[in-house]
Amino acid sequence: KNEVEQSPQNLTAQEGEFITINCSYSVGISALHWLQQHPGGGIVSLFMLSSGKKKHGRLIATINIQEKHSSLHITASHPRDSAVYICAVSGTGTASKLTFGTGTRLQVTL
Amino acid sequence: NAGVMQNPRHLVRRRGQEARLRCSPMKGHSHVYWYRQLPEEGLKFMVYLQKENIIDESGMPKERFSAEFPKEGPSILRIQQVVRGDSAAYFCASSPPEGRNSPLHFGNGTRLTVT
């Protein structure tokens, strides 16, 4: 079993839909990261959080430390949101040595 | 105010050649991380370096792979005698020296193809 599990693996949505991507982890962490990767492109850090909730534009990330679970929400989705969204955790050891989920491939259509 | 710069973006090597991947961290960042993304797989940690020091290389293959981050110049990930299984995207990330759990800034990656 992977230390970081994401669901769903693939997600197709229509423009305007509310999207939720889930991440569960099984190890102690100091922080959880949400990353975005476009096809053939680099990786952008969206959020780093260790408790509660963060919001940036149409993106919202929440974390429940007790349940070892995080969600990434996208409101009013748009085709430009199409990308792979990756959940990663920093363990309690080496700073920022991340363990990654396998990613959720999101396709937003018109 | 450049971000993390990786070069080359694409690198093609024949089996048995050497591959050198470069990473210049963001200005003011002294921590560098290398990650590998194999085709159709998730990202995996390889090595964590600070200036002139390897802090954690637990994700590095024991043979053929080495990394350095000299006092001056970029961090280098070196793969000797490449094999087809080394074909992957290699990402570098950097963070500031404030301590653990600083946000990471990623480069655009180097895509290595071994023929």
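The structure reproduced in this document is the subject of the present report. (Residues numbered from 1 in each chain as written. Chains lettered and ligands numbered in written order. Predicted model: local features only at pLDDT ≥ 70, side-chain atom pairs only at ≥ 80, totals over all residues. Heavy atoms only, no water.)

Let's talk about the environment of Asn 64 of chain A
Residue and element names in this part refer to chain A. Stated precisely, the cut-off is as follows: The helix and strand labels rest on DSSP assignments: H or I over at least four residues marks a helix, E over at least two residues marks a strand, and numbering proceeds from the N terminus. Each residue is assigned to one of three classes by its accessible area relative to the maximum for its type, calculated with a 1.4 Å probe on protein chains only: buried under 20%, partly exposed between the two thresholds, exposed over 50%. Only heavy atoms enter the contact rule, under which two residues are in contact if any of them lie within 4.5 Å. Polar contacts, as counted here, are pairs of nitrogen or oxygen atoms within 3.5 Å of one another; within protein the pair requires one atom able to donate a hydrogen and one able to accept it, and residues that are adjacent in sequence qualify only if both atoms are side-chain atoms.
Along the chain, the position of Asn 64 falls in strand β7 (residues 59-64). Among the residues examined, Asn 64 registers a relative accessible area of 27% and is labelled partly exposed. Asn 64 sits 40 residues away from Ser 24 along the chain, and the two C-alpha atoms are 9.7 Å apart. Once you skip the residues sitting within four places of it in the chain, Asn 64 turns out to touch Tyr 25 and His 69. Within the local environment of Asn 64, its side chain forms a polar contact with the backbone nitrogen of Glu 67, the two atoms lying 2.9 Å apart.

Here's the deal with the interface of chain B and chain A
Applicable threshold: What gets called buried area is simply the loss in accessible area from a 1.4 Å probe that two parts show on being joined, summed for both. For salt bridges, the criterion is a side-chain nitrogen of Lys or Arg within 4 Å of an Asp or Glu carboxyl oxygen. Three categories are distinguished: nonpolar for Ala, Val, Leu, Ile, Met, Phe, Trp, Tyr, Cys and Pro, charged for Asp, Glu, Lys and Arg, and polar for the others, with Gly belonging to the last.
Counting residues at the interface gives 21 residues for chain B, matched by 22 residues for chain A. Summing the contributions of chain B and of chain A, the shared interface buries around 1,800 Å²; its carbon and sulfur component is 54%. At the boundary of chain B with chain A, the tally comes to zero salt bridges. Applying the counting rule to chain B against chain A returns one residue pair in polar contact (both at pLDDT 80 or more). Looking at the side of chain B that touches chain A, the elements with two or more residues in it are β4 (31-37) and β5 (43-50) of chain B. Ranked by residues supplied to the side of chain B that touches chain A, first place goes to β5 of chain B with four residues. Among the residues forming the side of chain B that touches chain A, the class breakdown is nine nonpolar, seven polar and five charged.

Brief notes about the state of the cysteines
Threshold: Cysteine sulfur atoms are paired as a disulfide whenever they come within 2.5 Å of each other.
The final tally for this structure, using the stated rule, is two disulfides over all chains. Here Cys 23 of chain A pairs with Cys 87 of chain A through a disulfide, and the sulfurs are 1.9 Å apart. Between Cys 23 of chain A and Cys 87 of chain A the sulfur-sulfur dihedral comes to about -60°; the bridge is accordingly left-handed. A residue pair is termed long-range when its members are at least 10 positions apart, and Cys 23 of chain A in strand β3 (residues 19-25) and Cys 87 of chain A in strand β9 (residues 83-91) qualify at 64 residues. For the pair formed by Cys 23 of chain A and Cys 87 of chain A, the shared burial category is buried. Between the sulfur atoms of Cys 23 of chain B and its disulfide partner Cys 92 of chain B the distance amounts to 1.8 Å. Here the disulfide of Cys 23 of chain B and Cys 92 of chain B is left-handed, its torsion about the S-S bond being about -50°. On the criterion of sequence distance, the pair formed by Cys 23 of chain B in strand β3 (residues 19-24) and Cys 92 of chain B in strand β9 (residues 88-95) is long-range, its members being 69 residues apart. Relative accessible area serves as the criterion here: at 0%, Cys 92 of chain B is assigned to the buried category.

Describing the sheet that holds strand β7 (residues 65-68) of chain B
All names here are of chain B. Quick note on the threshold: Strands were regarded as paired on the criterion that DSSP finds at least two bridges between them. Working convention: axes come from line fits to C-alpha atoms, limited for helices to the stretch in contact. Angles between N-to-C directions cover 0 to 180 degrees.
As summarised here, the arrangement of the four strands in space is β1-β3-β8-β7, forming an open sheet in which the pairing is antiparallel. The open sheet terminates on both sides in strands that have one partner only, identified here as β1 (5-7) and β7. Sheet twist, expressed as the average angle between the axes of neighbouring strands with direction ignored, equals 15°. Bridge analysis of β7 against strand β8 (residues 75-79) gives four bridges, and the strand direction is antiparallel. Bridge pairing links Glu 68 to Ile 76 in β8.

Re the sheet that holds β3 of chain A
All names here are of chain A. An order of β1-β3-β8-β7-β6 is seen for the five strands of this open sheet, with the pairing classed as antiparallel. In the strand order of this sheet, the two ends are held by β1 (4-7) and β6 (52-56), each with one partner. Put simply, the sheet's adjacent strands are angled 15° from each other on average, direction ignored.

As for the pairing of β3 of chain B
Residue and element names in this part refer to chain B. On β3, burial follows the alternation: Ala 19, Leu 21 and Cys 23 on one face are buried, whereas Arg 20, Arg 22 and Ser 24 on the facing-out side are not. Two strands pair when backbone bridges link them, and β1 and β3 are joined in this way by three bridges, in the antiparallel orientation. Of the residues in β3, the one forming a bridge with Met 5 is Ser 24. Summarising the sheet, β3 and β8 pair through five bridges and their orientation is antiparallel.

Brief notes about the pattern of salt bridges
Residue and element names in this part refer to chain B. Applying the stated criterion to the full structure yields four salt bridges over all chains. A salt bridge links Arg 78 to Glu 18; the shortest N-O distance between them is 2.9 Å. A residue pair is termed long-range when its members are at least 10 positions apart, and Arg 78 in strand β8 and Glu 18 in the loop between β2 (10-13) and β3 qualify at 60 residues. Here Glu 18 falls in the partly exposed class, since its relative accessible area comes to 29%. Residue Arg 64 pairs with Asp 86 through a salt bridge whose shortest N-O separation is 2.7 Å. Taken as a pair, Arg 64 in the loop between β6 (53-56) and β7 and Asp 86 in the loop between β8 and β9 lie far apart in primary sequence, 22 residues in all. A relative accessible area of 25% places Arg 64 in the partly exposed class. Residue Asp 86 is classed as buried on the basis of its relative accessible area of 3%.

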